[in-house]
Amino acid sequence: MLDLKIMQKEPERVAKALSDRNSTISIDEFLKLDSRRRAALSEVETLKSKRNSESAQVAKLKKAGEDASALMAELGKLSDKIKELDAEAEAIKAEQEEYMLCVPNIPDSSVPYGKDENDNVEVHRFGEPAKFNFPIKDHVDLGAPLGLDFERASKLSGARFAVSIGKLARLERAIMNFYVDTQTLEFGHTEVNVPLLVTRNSMRGTGQLPKFEEDLFKIQGWEHFLIPTAEVPLTNLHAGEVLEEDMLPIWYTAASSCFRSEAGAYGKDTRGLIRQHQFTKVEMVHFSHPEKSWEDLEKMRRFAEILLERLELPYRTITLCTGDMGFSSAKTYDVEVWVPSQNTYREISSCSNCTDFQARRANIKFRPKGGGKPEFVHTLNGSGLPTGRSLVAIMENYQQEDGSIKVPDVLVPYMGGLKEIR
C-alpha cells in the first residue's frame, strides 16, 4: 500500500506510475473520495465548535434560571448531525482504504519504461546454450520413460498436475536440498518451515488480495487460502510487529508446495511442468533497512544467479519494465534459464524490492537505535527457483543421445553418487 500522504500530496506522481504500469485505475477516484472525506471532517469540526458554544450558552441560561429547552433541542440536532457526518467520514475512509489496496507500487526511477515483456532490458548473461549433435526432446518426452507421469497425475487430480517417480523424484528433491543448503549454509538465510494455509489478512499483507483472488485456491467454508508462494507466510511472520533496528537485515528461506489456479492462463504452457497448479519452490524473503534495501536486492539477485551457475545452466538476467512488473514490486529482476526445446530463455527466478509497500499493508516496522518514531521496513522477495522448472532445465540441458540424463556435478552428492538417470 502506498503512503496516504503520497496519494494526497503527489497525485501527479501516482498518476504517472499508474500510466507507466498500464493500470486502468484513476487517481481521480481517490481524490474525489479524499475531497468528500475532508469536507465531512471540516463540517464536523465546525458543528462541534458550534455545539461547544451553544452548550456554554445553555449552562448560562440554566444558571440564570431561564428556559433553555429550545437551545437544548438545537444541541440534540447538532449531535445527531455530527454522528451522521462522523459515520459518513468513516465510510469514505473505508472506501479509500479499499481503493488503496488496489493501487500498485510506484516503480523505482531505475526501472525502464515499457509496455510489456518485449521492453524488458537484459543486464547479464551466463553461459552459452549447448549444441546437440542429435535431435533433442522436450522434458515431457524425455521424462515419460524415466518416471515423469502426467497421465496418472491427471487421474488423481486433473489437468496441470504431475507425478515424478523414482530417480526423477529423487532428482527434484536433490535440487530443493541443494538450494536450501546453499542459501542457509553459505548465503546466510534462516530456514523456516511454513504453513501451506494462510488467512485473508496474510494474503492482503503481501498484495495477493484483493487484486488476485481469482488466481488463488480458497478453502470452502474457511477464510483460508492455499499459499501461491512461501513469500506470503514468510513476509507475514512479522506482521503487526515493531522490530529493533539491530535485528535488520533478516533473511529467511523456505521450501514449500505452492498452489495457483492460473485463472485466464489456459492455452499457454499447458504441456509439461512449466505452468502447474501445484509446484515446489524455494523462496527468499528479506526484511531490510530502507537505506540498505537496494543493496540487498543486488545480493538477492546474485544468490539466484549463483545457484544456476553452479548447476552450469545458461541463463540471462533482465530488469522488468514498468509495464511488466508485479503488483507489489518497485523493481524486479527476472532470471531466465535456457530451455533447449523452446529455443528461448524462460523465467525461473524473480527477485523484487517491494520497498515499504508490503510492510505498510502488513504493518511491519522497526525502531531506530537512537530512538524516534518507528519506521516501515523494506521487504524483498525472490524465488530460489521452482524445483519443477529447474527439473525442466536440467533434463533438457543435460539430456544425452540415448535418452538418459546426466546429473549436474553439484547434485551428485545429493543423489547418493548417482551420475546419470536412465
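- By the naming in an unreviewed UniProt entry, the protein chain is Serine--tRNA ligase, taken from Taurinivorans muris.
- The record in UniProt for the protein chain states the following under Subcellular location (unreviewed entry): "Cytoplasm".
- Per UniProt, the protein chain carries the Function (unreviewed entry) text "Catalyzes the attachment of serine to tRNA(Ser). Is also able to aminoacylate tRNA(Sec) with serine, to form the misacylated tRNA L-seryl-tRNA(Sec), which will be further converted into selenocysteinyl-tRNA(Sec)."

1. Observations concerning empty space enclosed by the protein
The rolling of a water-molecule-sized probe over the atoms marks out the regions of remaining empty space.
Now for step 1: Tallied over the full model, the rule gives one cavity of 30 Å³ or more.
Now for step 2: In this structure, the largest cavity encloses a volume near 30 Å³.
Now for step 3: Along its surface, the largest cavity is lined by I274, V337, V339, R346, E347, I348, R389 and V392.
Now for step 4: Broken down by secondary-structure element, the contributors of at least two residues to the lining of the largest cavity are β12 (331-339), β13 (344-353) and α12 (387-397).
Now for step 5: The dominant element in the lining of the largest cavity, judged by the number of residues it contributes, is β13, at three residues.

2. Focus on the packing of helix α7 (residues 167-185) against α12
Now for step 1: Here α7 crosses α12 at 115°, and the two axes come no closer than 10 Å. By the angle class used here, α7 and α12 are roughly perpendicular. For the element pair α7 and α12, the recorded crossing hand is right-handed. In contact with L168, L171, E172, I175, M176 and Y179 of α7, α12 contributes T387, G388, S390, L391, I394 and M395.
Now for step 2: Residues of the contact of α7 with α12, tallied by class, amount to eight nonpolar, three polar and one charged.

3. Points about the UniProt feature "coiled-coil region" (unreviewed entry) in the protein chain
Now for step 1: UniProt annotation of "coiled-coil region" (unreviewed entry) refers to residues 44-98 when read in the numbering used here.
Now for step 2: Annotated as 91% helix and 0% strand, the span residues 44-98 places its first and last C-alpha atoms 23 Å apart.

4. Digging into helix α3 (residues 27-63)
Now for step 1: When the terminal C-alpha atoms of α3 are compared, their 54 Å separation across 37 residues agrees well with the 54 Å that a helix rising 1.5 Å per residue should span.
Now for step 2: For α3, the elements touching its buried residues are α1 (4-9), α2 (11-20) and α4 (69-100).
Now for step 3: One side-chain oxygen of the residue at the start of α3 lies 3.1 Å from the amide nitrogen of D28, identifying that residue as S26.
Now for step 4: G65 sits one or two positions beyond α3 and adopts a positive phi of about 75°.

5. Looking at the environment of E172
Now for step 1: Note that E172 resides in helix α7.
Now for step 2: Residues E172 and L391, 219 residues apart in the sequence, show an inter-C-alpha distance of 6.3 Å.
Now for step 3: Apart from the residues lying within four places of it in its own chain, the contact partners of E172 are S164, T280, T387, G388 and L391.

Analysis parameters
Each chain carries its own residue numbering, running from 1 in the written order of its sequence. Only residues with pLDDT of at least 70 get local features here, since the model is predicted, and only at 80 or more are side-chain atom pairs given and counted; chain-wide, interface and lining totals rely on the full set of residues. With hydrogens and water set aside, each side-chain value is computed from the structure's full complement of heavy atoms. UniProt positions are given in the numbering used here, feature names are shortened, and annotations may be inferred rather than shown by experiment. Method remark: on a 1 Å grid restricted to protein atoms, a set of points is classed as a cavity if a 1.4 Å probe fits but cannot get out and as a pocket if it is open with protein on both sides within 12 Å along at least five of seven lines; lining residues have an atom within 4 Å of a point. Grid points are joined across faces, edges and corners, and a volume is the space filled by probe spheres set on the points. Counting from the N terminus, the helices are the DSSP runs of H or I reaching at least four residues and the strands are the DSSP runs of E reaching at least two. For helices, the fitted line uses only the C-alpha atoms of the stretch in contact; every axis is such a line through C-alpha atoms, and the angle between N-to-C directions lies from 0 to 180 degrees. Angle categories: roughly parallel below 35 degrees, roughly antiparallel above 145, roughly perpendicular from 65 to 115, and oblique for all the rest. The crossing is said to be left-handed when, going from far helix to near helix, the turn is anticlockwise and less than a right angle, and right-handed when the turn is clockwise. It only takes one pair of heavy atoms within 4.5 Å for two residues to be counted as in contact. Here the term charged refers only to Asp, Glu, Lys and Arg, the term nonpolar to Ala, Val, Leu, Ile, Met, Phe, Trp, Tyr, Cys and Pro, and the term polar to all other amino acids, Gly among them. Here a helix's expected span is defined as the number of its residues, less one, multiplied by 1.5 Å. Throughout this description, a polar contact denotes any pair of N or O atoms lying within 3.5 Å of each other; where both atoms belong to protein, one of them has to be capable of donating a hydrogen while the other can accept it, and for residues adjacent in sequence the pair is counted only when both atoms sit in side chains.

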